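Single-letter residue listing:
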Amino acid sequence: MSDAVEQAEEEPARLVVLISGRGSNCRSILRAIEHGRLRARIAAVVSDRPQAAGLGQAAGAGLDTVVCDRRRYPDRDGFEQALLAAIDGFAPDWLVLAGFMRVLGAVFVDRYAGRLVNIHPSLLPAYRGLDTHRRVIEAGEREHGASVHFVIPRLDAGPVISQARIAVGPDDSPDQLAERLLSQEHRLYPATLALLLNHRVELADGQIHIDNHRLHAPLLLGRDLDDDGHLLDDGLRH
Ligand code: GRF
């Protein structure tokens, strides 16, 4: 069977998207699906915070939403067990963290190893953690960016699949930088998911492989990867 026939016959991948806040990356993924750029469906949007603005918008778009309120559980293990149970019920192929503000433990991560990704607003491994835009400006950096990476049980530390870069202007405020970067995130995440769902990228022994070749540096949006998740110039030359 040809690849095209196989792909057409395969069910769209099921995504569960985890959010804690406004959910704009979740919306960009939904848009990519609706526009036919990403062959997937969002099985559910799950939040650890009942007040997350993205929940209402997801429900308004007809998506299933679930709240797993961290404050209702005495410890992280209890919370993660409940979160896993809620997520497992949707039988996702991929877990997509999009502004989910918690570090997940080893039991959780192991369950979805190799199928669990996050977007972080920095050029990882630089600037892990919070408040990246302000820290980048204060350090006098001339470039900033966003990274999509596989998740491991350490904060923002998993292998990086792809990045988008922007220049830092001399007068940029953290908010201006964040806004400019966010529009790149909205391109980067759907493109990277499209690449992953095509089965061309996988995590093996903690390393990223594309078509069975080890990836030595993250794919750069616009240079190695286009908005539809196609590799440019094979994306393997790095
Ligand atoms: C994004 O900047 C993302 O990189 C970071 O949290 C923010 C979430 O924004 N992890 P949104 O909730 O997707 O609008």
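Above this text you will find the structure in question.
The rules we used
Residues numbered from 1 in each chain as written. Predicted model: local features only at pLDDT ≥ 70, side-chain atom pairs only at ≥ 80, totals over all residues. Heavy atoms only, no water. Helix = DSSP H or I, 4+ residues; strand = E, 2+ residues; numbered from the N terminus. Pairing = 2+ DSSP bridges. Near = heavy atom within 4 Å. Polar contact = N/O pair within 3.5 Å; in protein donor to acceptor, adjacent residues only side chain to side chain. Areas by Shrake-Rupley, 256 points an atom, 1.4 Å probe, with all protein chains shown as cover. Nonpolar A, V, L, I, M, F, W, Y, C, P; charged D, E, K, R; others polar. Salt bridge = Lys/Arg side-chain N within 4 Å of Asp/Glu carboxyl O. Buried < 20%, exposed > 50% of the residue type's maximum accessible area, 1.4 Å probe, protein only. Phe/Tyr/Trp six-rings, centres within 6.5 Å; stacked < 30°, edge-to-face > 60°.

## Here's the deal with unusual backbone geometry
Turning to step 1, where the next piece is worked out: The amide bond that connects Leu124 to the next residue, Pro125, takes the cis arrangement and shows omega of 10°.
Turning to step 2, where the next piece is worked out: Within the fold, Pro125 resides in the loop between β5 (116-120) and α6 (132-138).
Turning to step 3, where the next piece is worked out: Positive phi, normally seen in glycine, also occurs at Ala91, with a value near 45°.
Turning to step 4, where the next piece is worked out: As for its placement among the helices and strands, Ala91 is situated in the loop between α4 (76-88) and β4 (94-97).
Turning to step 5, where the next piece is worked out: Here His199, not a glycine, exhibits a phi torsion of approximately 65°, which is positive.
Turning to step 6, where the next piece is worked out: Here His199 is to be found in the loop between α7 (174-197) and β8 (201-204).

## Regarding the sheet that holds strand β10 (residues 213-214)
Turning to step 1, where the next piece is worked out: Pairing within the open sheet is antiparallel, and its 3 strands lie in the order β8-β9-β10. In this open sheet, the two strands that pair with only one neighbour each are β8 and β10.
Turning to step 2, where the next piece is worked out: Note that strand β9 (residues 207-210) and β10 share 2 bridges and pair antiparallel. The residue bridging Ile210 from the neighbouring strand is His213, located in β10.

## Some words on the site of the ligand
Turning to step 1, where the next piece is worked out: Close to the ligand lie Arg22, Gly23, Ser24, Asn25, Gly99, Ile119, His120, Pro121 and Glu185, which account for all nearby residues.
Turning to step 2, where the next piece is worked out: Here Gly23 contributes a backbone N or O atom positioned 2.8 Å from an oxygen atom of the ligand.
Turning to step 3, where the next piece is worked out: Within the contact set of the ligand, a nitrogen atom lies 3.0 Å away from a backbone nitrogen or oxygen of Ile119.
Turning to step 4, where the next piece is worked out: Relative to its unbound accessible surface of 370 Å², the ligand loses 86% to contact with the protein.
Turning to step 5, where the next piece is worked out: Every element with two or more residues in the shell around the ligand is listed here: α2 (24-34) and β5.
Turning to step 6, where the next piece is worked out: When grouped by side-chain class, the residues that make up the shell around the ligand number 2 nonpolar, 5 polar and 2 charged.

## Let's talk about the pattern of salt bridges
Turning to step 1, where the next piece is worked out: Under the counting rule described, the total for this entry stands at 11 salt bridges.
Turning to step 2, where the next piece is worked out: Among the ionic pairs, Asp227 bridges to Arg187, the shortest N-O distance being 2.8 Å. Here Arg187 lies in helix α7 and Asp227 lies in the segment after β11 (219-220), a separation of 40 residues in the sequence.
Turning to step 3, where the next piece is worked out: For Asp227, a relative accessible area of 27% corresponds to the partly exposed category.
Turning to step 4, where the next piece is worked out: Between Arg223 and Asp224 there is a salt bridge; the shortest N-O distance is 3.0 Å.
Turning to step 5, where the next piece is worked out: For Asp224, a relative accessible area of 0% gives the class buried.
Turning to step 6, where the next piece is worked out: One network of salt bridges, in which partners are shared, links Asp131, Arg134 and Glu138.

## As for the packing of aromatic side chains
Turning to step 1, where the next piece is worked out: Inspection of every chain in the model, using the stated rule, returns 1 aromatic pair.
Turning to step 2, where the next piece is worked out: Centre to centre, the rings of Tyr73 and Phe79 are 6.2 Å apart; their planes meet at 55°, and the pair counts as tilted.
Turning to step 3, where the next piece is worked out: Owing to a relative accessible area of 21%, Tyr73 belongs among the partly exposed residues under this scheme.
Turning to step 4, where the next piece is worked out: Classification of Phe79 by relative accessible area gives buried; the value is 1%.

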